[in-house]
Amino acid sequence: MTRPLLTSALAGMGTTIFAEMSALAVETGSINLGQGFPDTDGPAEIATAAADAILAGRGNQYPPGPGVPELRQAISAHQKRFYGLEVDPDTEVLVTAGATEAIAAALLALLEPGDEVIALEPYYDSYAACIAMAGARRVPITLRAPDFRPDLDELRDAITAKTRLILLNSPHNPTGMVATREELTQIASLAIERDLLVVTDEVYEHIVFAGEHVPIATLPGMRDRTVSISSAGKTFSFTGWKVGWVTGSPELVTAVRTAKQFLTFVSSGPFQYAIAAALAFPDSFYSGLGASLHRKRDVLAAGLTDAGFTVFAPQGTYFITTDISGLTTSGGLEFCRQLPHRAGVVAVPNSVFYDDPQAGRSQVRFAFCKRDEVLQAASARLRALRSA
Ligand SMILES: Cc1ncc(COP(=O)(O)O)c(C=O)c1O
């Protein structure tokens, strides 16, 4: 074969490292703080609602293409309740197989080969893969330690005649940066001035410890040029159910739905009913989620600091990015390969989220969506690094 396969462009990205690190966790009996999924399921009443839906025969056959009406209405009510955004459940909401499919369908729908996409780097690994699958080119705006703010001058300079869209992620994985209203306002005015679309991944919208989550779609002039993406996986701790969604103007949502139709067509039928019920939970559920993860963040941050890591306290998400320069001269990848053997803990190197692996060479990410005792045990194990 003379032509390189697409997989060669995608190999080495985050997913590969997650598989390697998860296997290492099993092999060494390590605490796995690598991949970001909670070690406790979400509320039992949501699980019961899903079981009830299955037994009642709701959603066991192909649900409607845009999602079941109950969930679309619940998503619309959620956008109104938290952000004052009016979205029509019939034309402006699309249910997807997790945020992952929403990202893929949005990028495949909106990009033409040769288009450029400006994205905040380090990136969640599916962005680079989906941009590559759409035949487009990613143009990174690198978020730099210690506070990982987006450099808006750099962003302005990165826009060319080929730029089609800006791909945002706030709260940001893996750095925990939460974009401010002011930053988003500046990004919005660039998008309007240069006639760009914005695709915004807001899956951690309810996991914010500092500042506020501002959906860019709420800013003047942005509603009709923004595709907003979120997911029940993070908010309700059912990552395996893969219920995500897109909101936006009828034109943009129809475009995304057209691509989605040939990816999964539909998914997660009975789970959609359960998430519809969950979205109506009182505000106390949402504030409780943030408060609980805030406490967990502080437990792990203290453990990591004690162990000699430099901790960049996240403003949101359930990830902590650290710098390992105080502990080793090796890069994050090598460090993460040794860590399970040295300390019985698994983390992931941030270098896999950068185009240029040197950029995040000394950074390592830990997930803290785990039980308190697991975080405490991990902290105790990591402390051993100090004496090693
Ligand atoms: C930034 C970001 N976007 C999207 C996803 C995927 O969400 P889902 O599980 O709903 O596909 C994740 C999961 O880790 C994520 O961190």
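Residues numbered from 1 in each chain as written. Predicted model: local features only at pLDDT ≥ 70, side-chain atom pairs only at ≥ 80, totals over all residues. Heavy atoms only, no water.

**Q** So what about the packing of aromatic side chains? Which residues, and what values?
**A** Given two aromatic rings, their pairing is described by the distance between the two centres and the angle made by the two planes. Inspection of the entire model under this criterion finds 19 aromatic pairs. Three or more aromatic residues joined by ring pairs form one cluster here, namely F82, Y83, F236, F281, F285 and Y286. One cation-aromatic arrangement involves R365 over F319; the distance from NZ or CZ to the ring centre is 3.7 Å. Over the face of the ring belonging to F37 we find K370, whose NZ or CZ atom lies 4.2 Å from the ring centre. (Phe/Tyr/Trp six-rings, centres within 6.5 Å; stacked < 30°, edge-to-face > 60°. Lys NZ or Arg CZ within 6 Å of the ring centre and 35° of its normal.)

**Q** Could you give me a rundown of the site of the ligand, with the residues and numbers involved?
**A** The ligand sits among 14 residues. The nearest are T100, D201, Y204, S231 and K242. In the environment of the ligand, an oxygen atom lies 2.6 Å from a nitrogen or oxygen atom belonging to the side chain of Y204. Of the pockets mapped on this structure, the ligand occupies the largest pocket. Element by element, the count of residues in the shell around the ligand is highest for helix α5 (residues 98–110), at 4 residues. Here the residues of the shell around the ligand sort into 6 nonpolar, 5 polar and 3 charged. (Near = heavy atom within 4 Å. Polar contact = N/O pair within 3.5 Å; in protein donor to acceptor, adjacent residues only side chain to side chain. 1 Å grid on protein atoms, 1.4 Å probe; cavity = no way out; pocket = protein on both sides within 12 Å on 5 of 7 lines; lining within 4 Å. Sits in = over half its atoms within 2 Å of the grid points. Helix = DSSP H or I, 4+ residues; strand = E, 2+ residues; numbered from the N terminus. Nonpolar A, V, L, I, M, F, W, Y, C, P; charged D, E, K, R; others polar.)

**Q** Account for the environment of A343, naming residues and giving values.
**A** The topology assignment puts A343 in helix α13 (residues 332–343). In this structure the C-alpha to C-alpha distance between A343 and T28, which are 315 residues apart in sequence, comes to 10.0 Å. Aside from chain neighbours lying at most four places away, what touches A343 is R381, L382 and L385. (Contact = heavy atoms within 4.5 Å.)

**Q** How would you sum up the packing of α5 against helix α10 (residues 250–261)? Please name residues and give values.
**A** Taken N-terminus to C-terminus, the directions of α5 and α10 make an angle of 105°; their axes are 8 Å apart at the nearest point. With respect to α10, the axis of α5 lies roughly perpendicular. Listed contacts from α10 to E101, A102, A105, A106, L108, A109 and L110 of α5 are L252, A255, V256, A259 and K260. Residues of the contact of α5 with α10, tallied by class, amount to 10 nonpolar, no polar and 2 charged. (Axes fitted to C-alpha atoms, helices over the stretch in contact; angles between N-to-C directions. Parallel < 35°, antiparallel > 145°, perpendicular 65-115°, else oblique.)

**Q** Can you lay out the sheet that holds strand β9 (residues 310–312) for me, pointing to particular residues and giving the numbers?
**A** As summarised here, the arrangement of the 4 strands in space is β9-β10-β13-β12, forming an open sheet in which the pairing is antiparallel. If you trace the sheet from one side to the other, it starts and ends with β9 and β12 (348–349), each paired once. Sheet topology places β12 next to strand β13 (residues 363–367); 2 bridges connect them, and they run antiparallel. Bridge pairing in β13 links P349 to V364. (Pairing = 2+ DSSP bridges.)

**Q** Summarise the environment of L24; cite the residues concerned and give the values.
**A** Mapped onto the elements of the fold, L24 is located in helix α2 (residues 14–28). Taking the relative accessible area as the measure of exposure, L24 reaches 11% and is therefore buried. Sequence separation between L24 and P140 is 116 residues; the distance between their C-alpha atoms is 31 Å. In this view, L24 contacts C336, R337, P340 and H341; residues no more than four positions away in its chain are not counted. (Buried < 20%, exposed > 50% of the residue type's maximum accessible area, 1.4 Å probe, protein only.)

**Q** So what about the state of the cysteines? Which residues, and what values?
**A** Per the stated rule, a full pass over the model turns up 0 disulfides. Among the cysteines around C336, which has no disulfide bond, C369 carries the closest sulfur, lying 16 Å off. With a relative accessible area of 0%, C336 lands in the buried category. (Disulfide = S-S within 2.5 Å.)

**Q** Break down the pattern of salt bridges for me, with residues and values.
**A** A complete count under the given rule lists 21 salt bridges for this structure. Salt-bridge contacts for R144 lead to E154; the nearest nitrogen and oxygen are separated by 3.6 Å. Residue R144 is located in the loop between β4 (137–142) and α7 (152–158), and its partner E154 is located in helix α7; the two are separated by 10 residues in the primary sequence. Judged by relative accessible area, E154 falls into the partly exposed class, the value being 25%. One salt bridge in this structure joins E373 and R371, with 3.5 Å as the shortest N-O distance. Assessed through its relative accessible area of 48%, E373 is described here as partly exposed. Each of D39, R371 and E373 takes part in salt bridges that share partners, so that together they form one network. (Salt bridge = Lys/Arg side-chain N within 4 Å of Asp/Glu carboxyl O.)

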